[in-house]
Amino acid sequence: MAVPLFDPATALAPLRPQLHEALLRVADGGAFVLGPEVTAFEEEFAAWLGARHAVGVANGTEAITIALRALGVGPGDEVVVPSFTFWASAEAIPPTGATPVFCDVDPETMCVTPETVKAALTPRTKAVIAVHLFGNVAPVAEIRRETGLPVLEDAAQAAGSTLTADGDPTHPIARPGALGDVATFSFYPSKNLGAFGDGGAITTQDDAIAERVRTLRFHGSADKVDYVDIGYNSRLDELQAAVLRVLLPHVDDWAAHRAATHVRYHRAGLDELVAPPVAAPNATPAWHLYVVRSPRADELVAGLNARGIGARGYYRTPVHRQPPMARFLPGGGVDLPATDELARTHAAIPVSATITEEQVAEVVAAVGAVLA
Ligand SMILES: *Cc1c(COP(=O)(O)O)cnc(C)c1O
């Protein structure tokens, strides 16, 4: 039995009638950009998240650039960002005119910590990007408190993850995307909340930041008559917003299944074969990717693929070692030991909103066979 690395399609199958209705509603309504669906989705998404504002944009990469500019980041500034992340977390910084400064991550949670961030601070640091990597939850409140700097949460992989005051999911929750000064989401189809194309959002509790983001996504203007900034053409479109409105009410159930898969992998004995992902304190991650660690990661990926099991090393070359980032590194380079180690040892194995107990058992048996 083949097991795919991820599987967005199976969860969508029962929603076909609602999705078709939503797509036709937009087609028949004739409003395709910044119409009623985007407005409604922004309200619903903000309410679900516990944020005051959500603003739809074209994708999760431009969301970061626009959110940084709304924080006042510009030429001459530095922005601290982890290197063990998807390329776009850092790629979105130079378009603001600022310089990315790479920091390390915790070897177990794979997220930034106050310590790794503080090691990268200089008098020019203007903001910190905390990536909720693989759906884990970075310690945003601690980083804000210990650095005094604004924190942008890159929550592209963390829709559906939750944080509690005491680690008990029945107690009041806060969600990634409502923890920092501003946060960004991607609705790329494979994400936990995925559209039928590109899409993104910026969320914030701050009225002034929300106002700037709304202007920046629309050419730096409120009305296309008077322009107050050099902005972007970066909008979430009506078709994507209509699809997202159908899916949003299901994200928590899908997240619960992803979280339960972590427990199932544990019960099936995965932890005896590889190091499983480690949830941050008080976090219930909606594992976007289920990333294990093994000194034999490449062998594991190849062996699983040969057995029809989806597996992949995502960030084998960390961002700071990719050639286009070389010009931003200090003369002596930068030493990020946990990042280099994780780049070598991580491997994503299957997880989805619908992965079954049998599939989990199949994956664990295959991991055992490959590493035997
Ligand atoms: C997907 C992703 C992005 C970029 O989102 P797009 O919508 O593809 O532009 C940014 N950061 C992280 C961590 C991501 O996983």
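Residues numbered from 1 in each chain as written. Predicted model: local features only at pLDDT ≥ 70, side-chain atom pairs only at ≥ 80, totals over all residues. Heavy atoms only, no water.

Turning our eyes to something else, we now look at the domain arrangement of the chain. For an interface, size is often stated in terms of accessible area lost upon the parts coming together. Partitioning the chain into domains gives domain 1 (8-249) and domain 2 (251-371). Each of domain 1 and domain 2 was reduced to a C-alpha centroid, and the two centroids are 23 Å apart. Taken together, the 48 residues of domain 1 in the interface contact 39 residues of domain 2. Summed over both partners, the interface of domain 1 with domain 2 comes to about 3,600 Å²; 65% of that surface belongs to carbon and sulfur atoms. Between domain 1 and domain 2 we count one salt bridge in total. In this structure, R175 and D252 form a salt bridge, with 3.1 Å as the shortest nitrogen-oxygen distance. Here domain 1 and domain 2 share 17 residue pairs in polar contact (both at pLDDT 80 or more) between them. Secondary structure elements with two or more residues in the side of domain 1 that touches domain 2: α1 (8-12), α5 (88-91), β3 (99-103) and β6 (162-164). Counting residues per element, the side of domain 1 that touches domain 2 draws most heavily on β3, which supplies four residues. (Domains from an automatic or database assignment. Contact = heavy atoms within 4.5 Å. Buried area = accessible area lost by both parts, 1.4 Å probe. Salt bridge = Lys/Arg side-chain N within 4 Å of Asp/Glu carboxyl O. Polar contact = N/O pair within 3.5 Å; in protein donor to acceptor, adjacent residues only side chain to side chain. Helix = DSSP H or I, 4+ residues; strand = E, 2+ residues; numbered from the N terminus.)

Strand order in this open sheet of seven strands is β1-β9-β8-β5-β4-β2-β3, and the pairing throughout is mixed. Edge positions in the sheet fall to β1 (53-57) and β3, since each has one partner strand and no second. On average, adjacent strands in this sheet sit at an angle of 25° to one another, irrespective of strand direction. Sheet analysis places strand β4 (residues 125-131) next to strand β5 (residues 151-154), joined by four bridges and oriented parallel. For A130, the partnering residue across the bridge sits in β5 and is E153. The sheet strands contacting helix α3 (residues 36-49) are β1, β8 (182-186) and β9 (200-204), and the helix crosses β1 at an angle near 130°. Contacts from helix α7 (residues 140-147) reach β4 and β5 within the one sheet, and its direction differs from that of β5 by about 160°. (Pairing = 2+ DSSP bridges. Axes fitted to C-alpha atoms, helices over the stretch in contact; angles between N-to-C directions.)

What follows covers the side chain of S234. Inspection of the secondary structure assignment puts S234 in the loop between α8 (207-216) and α9 (238-247). Engagement of the side chain of S234 in a polar contact is seen with the side chain of E62, the distance being 2.6 Å. Other than its neighbours up to four places away in sequence, S234 contacts G56, V57, A58, E62, I66 and R217.

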